[in-house]
Amino acid sequence: MKLINFKKTKLASSLFLIFGAAMSTTINAAEETSMEQAEDVEVIKVKGIRGSLIRSMDLKRDTMGVMDAISAEEMGKFPDTNLAESLQRITGVTISRSNGEGSQITVRGFGPDFNLVTLNGRQMPGTGFSRSFSFENLSSEGVSALEIKKTASAETPTGGLGATVNIVTNKPLKSPGRTLAVMGKAIMDTSNVEGDDVTPEWAAIYSDTFRDGMLGVSATISHHRRDFQKQQASIQGWQYGYVDNQDNAKGIELPFSPSGAVVDNRPVDAQGNLINAFTDKSTGEAVSPFFFPKDMNYGIENSRRERTNGQVTLQYSPKDNIIFTLDHTVTLATTATESVGWGIWNNFGANINAYELDKNGTAVFANIGGDDGSFSASKGTTEVDSKSTGFNLDWQITDDLHFNFDLHSAKSEIDNGADKGSGNSGQVILGSDKLTSKTYDYRNGEVPHVNVLWNNGTNQLHAADIDSNFSQFLHSPGESKVDQVQADVTWYSTLNSPLAVVKFGAAVIDQSLSGINAWSGLRGGPGFDPSFTEIFPEEMFITHDTGDFLDAFAGGGSDLAPNYYYSYDYDRVVAIQTAVLTEEVMGSNVYVPDAYFNTVDRSLVEETTSSLYLQTQWDFDVADMMMTLNAGVRYEKTDVESPSISKLVDEVRWVAASEWITYYKNGGEGEIVNYTGSYDLLLPMFDLKVDVTDDFVARFSVGKSITRAGLGNLTGATSFTGSPKIGARTGSRGNTNLKPFQSTNIDLSFEYYYDDASYLSLGLFSKDVDDWIEGSTVQHQELGVHDIYKGKRYNEAVDQITLRGEQPTDSAIYQQMLSNGHGNADGEILPDPEDPLITWQLSSPENVGKRSVYGAEFAVQHLFGDSGFGTAFNATIVDGDVTYDPYVLGTQAVLPGISDSMNFQAFYEKDGLSIKATYAWRDAHLIGQGQSQGSSEAPPQFAREFAQWDMSINYDVSDSLTVFFDGVNLNNETEQGYGRFEEQFLYARQYGPRYIVGGRYSF
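Just so it is clear, the model here is predicted, and its values are computed rather than measured.

What counts as what
Residues numbered from 1 in each chain as written. Predicted model: local features only at pLDDT ≥ 70, side-chain atom pairs only at ≥ 80, totals over all residues. Heavy atoms only, no water. Helix = DSSP H or I, 4+ residues; strand = E, 2+ residues; numbered from the N terminus. Rg over C-alpha atoms; globule rule 2.2 N^0.38 Å. Buried < 20%, exposed > 50% of the residue type's maximum accessible area, 1.4 Å probe, protein only. Areas by Shrake-Rupley, 256 points an atom, 1.4 Å probe, with all protein chains shown as cover. Axes fitted to C-alpha atoms, helices over the stretch in contact; angles between N-to-C directions. Parallel < 35°, antiparallel > 145°, perpendicular 65-115°, else oblique. Contact = heavy atoms within 4.5 Å. Nonpolar A, V, L, I, M, F, W, Y, C, P; charged D, E, K, R; others polar. Pairing = 2+ DSSP bridges. UniProt positions renumbered as here; feature names shortened; annotations may be inferred. 1 Å grid on protein atoms, 1.4 Å probe; cavity = no way out; pocket = protein on both sides within 12 Å on 5 of 7 lines; lining within 4 Å. Points joined across faces, edges and corners; volume = space filled by probe spheres on them.

## As for the overall build of the protein
Step number 1: Counting its secondary structure elements, the protein contains 9 helices and 54 strands.
Step number 2: On C-alpha atoms alone, the protein measures out to a radius of gyration of 32 Å, which is about the 30 Å that the 2.2 N^0.38 rule sets for 1003 residues.
Step number 3: Taken along the three principal axes of its C-alpha coordinates, the protein extends 100 × 70 × 65 Å.
Step number 4: Scored against the burial criterion, the 1003 residues of the protein give a buried share of 56%.
Step number 5: Per element, the accessible surface of the protein, about 40000 Å² overall, is 53% carbon and sulfur.

## Observations regarding the packing of helix H8 (residues 792-803) against helix H9 (residues 810-819)
Step number 1: Where H8 contacts H9, the two axes come as close as 9 Å, and the packing angle between them is 110°. It follows from the interaxial angle that H8 and H9 lie roughly perpendicular. Taken together, the residues of H9 that come into contact with H8 (itself represented by Arg793, Tyr794, Ala797, Val798, Gln800 and Ile801) are Asp810, Ala812, Ile813, Gln816 and Met817.
Step number 2: Of the residues contributing to the contact of H8 with H9, the split by class is 7 nonpolar, 2 polar and 2 charged.

## Observations concerning the sheet that holds strand S37 (residues 718-720)
Strand pairing in a sheet relies on backbone hydrogen bonds. The paired strands run either parallel or antiparallel.
Step number 1: Read from one edge of the open sheet, 4 strands run S37-S38-S42-S41, paired in mixed fashion. Taken across any chain shown, the strands that pair with only one partner, and hence form the sheet edges, are S37 and strand S41 (773-780). Strand-to-strand twist in this sheet, taken as the mean axis angle between neighbours without regard to direction, amounts to 25°.
Step number 2: Bridge analysis of S41 against strand S42 (residues 840-847) gives 8 bridges, and the strand direction is antiparallel. In the sheet register, isoleucine 773 faces S42, and the bridge partner there is asparagine 847.

## Structural notes on the UniProt feature "domain: TonB-dependent receptor-like beta-barrel" (unreviewed entry) in the protein
Step number 1: Following the UniProt record, the feature "domain: TonB-dependent receptor-like beta-barrel" (unreviewed entry) maps to residues 426-970 here.
Step number 2: Taken end to end, residues 426-970 is 8% helix and 54% strand, and its two terminal C-alpha atoms sit 34 Å from one another.

## Some points on empty space enclosed by the protein
Step number 1: With the rule as written, the count across this model stands at 18 cavities of 30 Å³ or more.
Step number 2: Its boundaries defined by the atoms lining it, the second largest cavity holds a volume of some 400 Å³.
Step number 3: Around the second largest cavity sit 27 residues that line it, and Leu53, Ile70, Arg89, Gln861 and Gln905 are the ones nearest its centre.
Step number 4: Among the secondary structure elements, those contributing two or more residues to the lining of the second largest cavity are helix H3 (48-62), strand S1 (67-71), strand S43 (850-863), strand S44 (869-880), strand S46 (901-910) and strand S47 (913-922).
Step number 5: Examining the composition of the lining of the second largest cavity, we find that 6 residues originate from one element, H3, more than from any other.
Step number 6: Grouping the amino acids of the lining of the second largest cavity by side-chain chemistry returns 13 nonpolar, 8 polar and 6 charged.

## What about the sheet that holds strand S12 (residues 249-251)?
Step number 1: Here 3 strands make up an open sheet; going across it, the order is S12-S11-S16 and the pairing antiparallel. At either margin of the open sheet sits one strand with a lone partner, and together these are S12 and strand S16 (290-293). For this sheet, the mean inter-axis angle between neighbouring strands, taken without regard to orientation, is 20°.
Step number 2: Pairing geometry for strand S11 (residues 238-243) and S12, over 3 bridges, is antiparallel. Bridge pairing links valine 243 to alanine 249 in S12.

This is the structure we're talking about:
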């Protein structure tokens, strides 16, 4: 067998190391070139689909560890209309969608919060008060490649337990000469009703070098607008109830003697007793619960989304061995939405007239009396403003020594109060409670039906009977900032030994995340008493039918019940209620359209991470096989600070036999308390790459990676119950001392490159995650806050009562302590310094336990010679002890997003014509725990499986002009979600296909 050594320069090796890759190589000083020449390896020379696949395959083959990539087909043209849509073509990557577009990614089952996004190797802030990065806000025109590193690397910033996604942008000195291209698109969204049927997108790309390659400048600018409509049906939450072994009702109750028919399909034993198939986690008791929907809503949301992106890169190379780079990237994305909705609200008990339960206790039919039906209108504008500025010095000091210095500052702000008129995001709810009963029916079709029997004897509310219920206004802006400085030194060994490269570096990353949550409260209500039907003119309510509403679902469209809805002008209704529902009329329920009228919560988390790393590369032969070993270690220390406003406990008084009251310092006014935490980590990593043959590569990687705790868990505020009765001294807190999720990762992969552009790969992976974070109950004591219970005076009273032969009840103990002179003038018992400290039971996120995720990835890419035809397919199977058990009532230690996935693409590209069809499938998966109107056990939210077909056609009219067509969601796939079981409907959303035609001209 002939051994092939892939030779290249030391500087080229450095470049690959900077991106976490060390190719198998024999260092040859005679082949030394400048950094500028080395980077020419990355120049896009082969255009189109074939060139993109070849470059992606080459990077996968040459890198250390497990990496996949997507390359631009040519400068300014990425394979898909959206970066997230492109990422889902990669093995192990699935996406979540926002408004029908790819938004955030899940890698190997780990969701957006578990993945780190970098821009040219620099850590990027999440979108607003979040660690998650939203790809739909970033244009693809300035992106040359996306690199997804799935294994740990000592030189890579931490945070990507699932993966690290590096967005690589265009560099002018990397592509010498002048490039100028413009692109224009016409977007036709079939869902659009209120906006323009055709909306524009345009972009311009410029890159040039001057003074014999000493200076370089590149710039991209793009603008995108899309008008679209989302149609949806939704339930905000499911409520549960059951009767325990002591015949006590828990949760909602079924009526003892309902007036209508009852069908209960829950399984029973031979004696007719219900079989307890569920477990209540809070008590450990086996139970047989039932579940009812809290509401049922339908809605139409009309949106206009605009996005402007810009990027400028300046490069200066005074000598062949030095490059200075300065770049600036900006994004401004605005989404304005107006919506209408209609639906019902349910309370439970004796008003449940009839019902049908399936085998799991889910109500698939219910007739419920009372409560109300509503017609709503909402309006809001959300703006995302992101900026990133970076400076880089790349210096090849000598043939054997390389230095890199990087400085970076980035900020992302999100504001859902960007509506210039109000500064709020608002919702108005009108309707009526003048009804006899409501029916919910999900026995047929894909969308539940609702019928309301109004007091007028029909199923349609008259416009004259529409009344004011309530309105609410929100403002929750957030900001995420990252400031980063990093220095790296690379030494290329001249020793006659296997040691080839040593790289070490240091970095400091300051991350600040802040948010505000302002809520007006329920203004002007809630309720219909007193009635204000007279303030709304009948002519303002417009009647619509549902003929084209949710018509992609069985049971939707003209078959839907209700088959009508009202719409009205949001601003007009707000103005009317502001004028009429004044403080004189409404008192504390005065109508004020201001998010800051009622409550304002502020959150701030600041993290500073200092790091050092050492990484080495070793090249050697074993049994005629070339082996490359990459071993390293990374040390990090992180300090966390969260100044929060908290009400500090002064004392707890016993004010009546059954009442205890918490008194707060400063009259209950919150005080700023600075909560802090810190941790340090040592993260080793090891990669072995074996060129078994010329065409067969095997890899084995072991390493540790982390993801830091979610921001809501780190926020330091602590709250204590205002009624701390014995056995109920409870509260809640964040935890700035949380350690990150720490995963020990093992990867084994095999790759067979059987042709210049074709390969097969199989990968196996395992992630054992320590310090898993979940909600727990911890004991906590506040210095100086004493507990009357079990104190010296309390025990004395108990003894006195017992000596009299009486039972020491709470009432008897309280009266005895007063008789002993321990009460004040108001008959309250105050704590004494000799009493023990109160032990509070606080719900708190804590590092507990260990979880495991494992899976397999398979990929094949095949080009059929020079025929122009090609195909690619990949599939991922992932599992672990992190799946949700729907038969357990209670919060569980699970991993949202874990699911199997599959992608396929086929294309033809020859003689200037390219045609590509792509298919993406994702299995059903857990979105998260907790429903906004769900019961206290935090019921789950699941997404049904999703599959989408897309297509693109490109034709080169000339060397300069290309025309194209893109079709997105050609199969009109819809989004559906459910609760514990598929019968617990949560949502159905319909967007429709989207078509794009355009052209690209290169000068």
